[in-house]
Each structure stands twice: as structure tokens, then as C-alpha cells.
Amino acid sequence: MPALKLLYLPPPVAEEWDWQMDAACRDADGSLFFHPDNERGDARENRMASAKKVCAHCPVREKCLQYALDSGERYGIWGGLTEDERTRVRKARRRRTSR
């Protein structure tokens with residue numbers, strides 16, 4: 001049986017999650033941050049740009065992004081970065097630490 005890769009999730013302590021109470025997206029439509037099946041082209045680009053506008057003015061953007069990177073969040077826009085952008089950040093971090 002192959003070994004399962006477990007994702008690290010931050011501890012479920014209320015103080016660790018308090019930042020979410022101040023998030024700019026708290027009252028936004030969640031579908032803005034997660035793409036529907038088969039979304040392509042301009043529709044996808046427009047949705048992502050709208051989500052990133054919300055993130056751009058968020059007081060907890062850095063904490064949100066750090067959570068997404070630390071937990072290996074694979075879907076949605078977190079801290080102003082898409083799935084692909086977060087993947088590039090993770091790869092760059094791995095390259096730096098492996099040197």
C-alpha cells in the first residue's frame with residue numbers, strides 16, 4: 001500500500017482562526033472565489049479579477065494567504081492568489097529551501 005501524503009492543517013484553536021472575522025470576503029458571495037465546473041476564458045478571468053479586487057483591500061490578506069500555503073489549500077482564491085499562483089509560490093519555496 002503506498003504511503004498517503006497528509007496535508008498539514010493548522011490547529012483548530014479559535015485564536016488561530018480569528019483573522020477570518022476581519023476578512024473582506026466574509027460578506028461576499030463565496031462563488032466569487034471558487035470556479036464552477038467548465039468555467040473558461042473571459043468568464044473565468046473576470047471572476048478571478050473580481051475576487052482579487054476584494055482581496056486587494058483585505059486587512060487579513062497575508063494571514064489568509066499564509067493559511068492557504070501552510071495547509072496546502074488546493075482550490076479557490078486565497079490571500080489574492082489563485083491555485084496556480086500558490087503552486088508556483090510553494091515550488092519556489094521548495095527550491096529555496098533545497099539549496
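Residues numbered from 1 in each chain as written. Predicted model: local features only at pLDDT ≥ 70, side-chain atom pairs only at ≥ 80, totals over all residues. Heavy atoms only, no water.

**Student:** Give me the lowdown on the overall build of the protein chain, citing residues and values where you can.
**Tutor:** In terms of regular secondary structure, the protein chain is built from four helices and zero strands. Shown N-terminal to C-terminal, the secondary structure of the protein chain runs as helices and strands in the order α-α-α-α. Relative to its 99 residues, the protein chain shows a buried fraction of 32%. Looking at the protein chain alone, contacts between residues at least 24 apart form 44% of all its contacts between residues at least 6 apart. Carbon and sulfur atoms form 53% of the exposed surface of the protein chain, whose accessible area is close to 7,500 Å². (Helix = DSSP H or I, 4+ residues; strand = E, 2+ residues; numbered from the N terminus. Buried < 20%, exposed > 50% of the residue type's maximum accessible area, 1.4 Å probe, protein only. Contact = heavy atoms within 4.5 Å. Areas by Shrake-Rupley, 256 points an atom, 1.4 Å probe, with all protein chains shown as cover.)

**Student:** Please give an account of the packing of helix α3 (residues 61-71) against helix α4 (residues 83-98) that cites residues and values.
**Tutor:** Their axes nearest at 10 Å, the elements α3 and α4 cross at an angle of 70°. What the angle tells us is that α3 and α4 run roughly perpendicular. Helix-helix and strand crossings are classified by hand; for α3 and α4 the assignment is right-handed. Of the residues in α4, those in contact with Leu65, Gln66, Ala68 and Leu69 of α3 are Arg86, Val89, Arg90 and Arg93. For the contact of α3 with α4, the class distribution of residues is four nonpolar, one polar and three charged. (Axes fitted to C-alpha atoms, helices over the stretch in contact; angles between N-to-C directions. Parallel < 35°, antiparallel > 145°, perpendicular 65-115°, else oblique. Left-handed = near helix turned anticlockwise from the far one by under 90°. Nonpolar A, V, L, I, M, F, W, Y, C, P; charged D, E, K, R; others polar.)

**Student:** Explain the layout of surface pockets residue by residue, including any values.
**Tutor:** Each pocket or cavity is described by its volume, and for the largest pocket that value is around 290 Å³. Along its surface, the largest pocket is lined by 20 residues, and Cys25, Phe33, Cys64, Ile77 and Trp78 are the ones closest to its centre. Those elements that provide at least two residues to the lining of the largest pocket are α2 (41-56) and α3. (1 Å grid on protein atoms, 1.4 Å probe; cavity = no way out; pocket = protein on both sides within 12 Å on 5 of 7 lines; lining within 4 Å. Points joined across faces, edges and corners; volume = space filled by probe spheres on them.)

**Student:** Outline the confidence of the model for the protein chain, supporting the account with residue identities and numerical values.
**Tutor:** Chain-level statistics for the protein chain give a pLDDT mean of 88 and a share of 85% at 70 or above. The element-level mean pLDDT for the protein chain is lowest in helix α1 (residues 14-17), coming to 71, with α2 highest at 97. (pLDDT = per-residue confidence, 0-100.)

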